[in-house]
Each structure stands twice: as structure tokens, then as C-alpha cells.
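An overview of the molecular structure
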Amino acid sequence: MPKVTSTEVLLAARCKKVYANAHTYHINSISVNSDQATFLSADDLRVNLWNLDITEQSFNVVDIKPSNMEDLTEVITSAEFHPDQCNVFAYSSSKGCIRLADMRSAALCDKHAKAFEEVEAQANKSFFSEIIASISDITFSKDGRYILSRDYMTLKLWDLAKESAPVATFNTHEHLRARLCDLYENDSIFDKFDCCMNGKGDAIATGSYNNMFRVFGTWNSADLTLEASRDPMRKRLATPSKANRFAIRKNGVGKRGAGDGAEAGTDYASKLLHLAWHPEANVIAAAASNSLYMYCA
């Protein structure tokens, strides 16, 4: 007699197209255009424009490679299309600058339409200034009016009508400023964190260490920190990683007045780099270690 058995549904990904041989360096971002016919891909030195139906040819729209590589002063870190205007895109650099380009002005968009950059005061500059100013990710708001950027220490919200300074700045790693030497020695200072914004544009989020991510209110003082785990609201004692224990003993962190608990308990090996906000629903997807967590408000 036949027996009824339950079988698990297995989903498998299948490659439909391969867009090859257009980049010499690691691809750091891909963005689909609002015209649903083209997309861009960016590496350290170039941004290429593709047609979704043509896999063997692309158009180079940004090229910052100097004739002599010794003259290279910055690299491209992220690129994204404007959500509504199919001719406009933005790309960020390791110098902390966001450039807005219009493909109607020229075939090669080396001359940007706008540049968004906050100049640090000379008195505040240090050895680490250029490293922590490097922008790891940018994203447009759904209405296309704002750009959200993430560098190592902060989230910044830029208005496309104001290039001189961000309209809002959110400190994410300010408690680590005193530990930049340790972060440089263990290469954590080069970690690239994503940023995202909800569909209404009134909340933003980004990742951090200890598998944590932070959510801020764009126009209010709301601030929430959650851990990417099965029980995100539980309270636990922070346990530093092996790499951090020596630094804790070395710097005396943990003694009264030497540092706070957030500094002493930071596990640099557990970092939440990637997260995304649903464009319409109030849902965040966060990738921590080898797990994907979904959070719904």
C-alpha cells in the first residue's frame, strides 16, 4: 500500500545570465535603474552601465583611474541609481565624498553635477581621519530627495539641495573613538557597514559589532539598539573576544573610570555588516554570521 510522507520543499537558485569581463577589481555595488531596462555595477575605479538584455557589452560612465597608479588618491566605494530619475545616479568615495552624476550631460560622467562633502576642521584631523571618513554605503530615500551615507563612525543624511553639510548626523560608533589604535591593529577599522532607510523616510538603520544593529528616527530622537538573535530583547553580560581581551588588559578597560561597558565588551569578530529595509512594509532583514533574521515592528 502507498504511504503518505511529508517532504521538505527545497529552493534552488539558477543562473539566468552572466555579465562578465567588465571589471578588473572587486565589484562593490549593483543598482537597478528605475527604467527597469538598465543597471549599474561599480568597482574601485569604474562604474559601468549595462542593459539587462545584453550580457556581452557595457558602457563605462565613470572612470577615475589615473594614468599613473601612484597618483591614485581615492577609490569608489558604492554607487546607486536615483529611485525616479533614470538619468541620475550617485557614487561615494573613500575620501568621504558623494558625487551626483547626470548621464544627460556627457557619456563619461567624470564631471559630477553635485558633490556632497563635510570638511573636517584642521584641528580635529588625525592619522585615522581619512580612514574613518571613507563612505562604505549610500542609499537614496524613496522620494529621491535625500541620500543616506554610512562611514565608520556615523550615519549622515544629505539633502540633494544642500551640498555643504548633512542635514542630520547620527553617531553610531562614538564610544569606539578612543580605541582607534586597537581597531587599526586588528583591521576592524576597515569594516564596511551597510545603511538603509524605511519607505516613509522617517527611520534609518545600520549595523554594528556584537551582532547589533541600530535604528534611529530621522527627524526625532528615537534610538533603538537590537541584537540579531532569536531573542533580541534579552539582557546578557558582554563577553569580549580573545583578540579584545589582551587590549582590555593592556589599556586597563574595565577599571572604574577607564572605559564604559560598551567599549570593554565589544566583540569585533561578531559584526552585522549587511541589512536591508523593506521598501513598503516595516520589516528589516539583518545578516549576522551565517543566519538571516527578519524583524517586524
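Per chain, the residues get numbers from 1 upward, laid out in the order the sequence is written. Only residues with pLDDT of 70 or above have their local features reported here, since the model is predicted, and side-chain atom pairs are shown and tallied only from 80 upward, although totals for entire chains, interfaces and linings are computed over all residues. Where side-chain values are given, they derive from all heavy atoms of the structure, hydrogens and water being excluded.

Let's shift gears to the pattern of salt bridges. By definition, a salt bridge exists where a carboxyl oxygen of Asp or Glu is found within 4 Å of a side-chain nitrogen of Lys or Arg. Counted according to the given criterion, the structure contains eleven salt bridges. Across the pair R179 and D182 runs a salt bridge whose closest N-O atoms are separated by 3.4 Å. Buried, partly exposed and exposed residues are distinguished by accessible area as a fraction of the type maximum, computed with a 1.4 Å probe on protein chains only: under 20%, between the cut-offs, and over 50%, respectively. Given the relative accessible area of 3%, R179 is considered buried. By relative accessible area, which is 13% here, D182 ends up buried. The salt bridge partner of D223 is R214, with a shortest N-O separation of 2.5 Å. Linked by salt bridges that have partners in common, E118, D151 and K156 make up one network.

A cluster of nonpolar residues, F127, Y184 and F190, forms a patch on the protein surface that exposes about 320 Å² of accessible area. Counting from the N terminus, the helices are DSSP H or I runs at least four residues long and the strands are E runs at least two residues long. Within the secondary structure, F127 sits in the loop between β8 (114-116) and α1 (129-133). Without a salt bridge and with relative accessible area above 30%, a residue can belong to a patch; like charges are then joined within 9 Å and nonpolar side chains (Val, Leu, Ile, Met, Phe, Trp, Tyr) within 5 Å. Here, Shrake-Rupley sampling with a 1.4 Å probe gives the accessible areas, and only protein chains in the shown set may cover a residue.

Turning our attention to the pairing of strand β14 (residues 203-207). Counting buried positions over the five residues of β14 gives five, a clear majority of the element. Neither face of β14 is left uncovered, since the one carrying A203, A205 and G207 and the one carrying I204 and T206 both have all their residues buried. The pairing criterion for strands is at least two bridges between them, as found by DSSP. Of the strand pairs in this sheet, strand β13 (residues 195-197) and β14 are connected by three bridges, and their pairing is antiparallel. Bridging across to β14, M197 finds its partner in I204. Taking the residues that link successive antiparallel strands as the turn, the β13-β14 hairpin has five residues, and the phi of G201 there is positive, at about 80°. Note: β14 against strand β15 (residues 212-217), five bridges, orientation antiparallel. In the sheet register, T206 faces β15, and the bridge partner there is R214. Counted along the chain from β14 to the antiparallel partner β15, the turn is four residues long, and its residue N210 has a positive phi close to 60°.

Next up on the list: the layout of surface pockets. Volume-wise, the largest pocket comes out at about 920 Å³. Here a cavity means grid points, on a 1 Å grid over the protein atoms only, where a 1.4 Å probe fits yet cannot get out; a pocket means an open set of points with protein on both sides within 12 Å along at least five of seven lines; lining residues are those with an atom within 4 Å of a point. Along the walls of the largest pocket sit 41 residues, with E80, D137, I138, T139 and C195 positioned nearest its centre. At the level of elements, β1 (29-32), β5 (76-81), β9 (137-140), β13 and β17 (274-277) are the ones that each hand at least two residues to the lining of the largest pocket. Looking at which element gives the most residues to the lining of the largest pocket, the answer is β5, with six residues. Polarity classes work like this: nonpolar for Ala, Val, Leu, Ile, Met, Phe, Trp, Tyr, Cys and Pro, charged for Asp, Glu, Lys and Arg, and polar for all others, with Gly in that last group. Broken down by class, the residue content of the lining of the largest pocket amounts to 18 nonpolar, 17 polar and six charged. Lining the second largest pocket are 20 residues, and of these E118, E120, S129, A133 and K156 sit closest to its centre. Sorting the residues of the lining of the second largest pocket by element identifies α1 and β11 (154-159) as the ones contributing at least two each. With four residues, the single largest contributor to the lining of the second largest pocket is α1. When its residues are assigned to classes, the lining of the second largest pocket shows six nonpolar, five polar and nine charged. Grid points are joined across faces, edges and corners, and a volume is the space filled by probe spheres set on the points.

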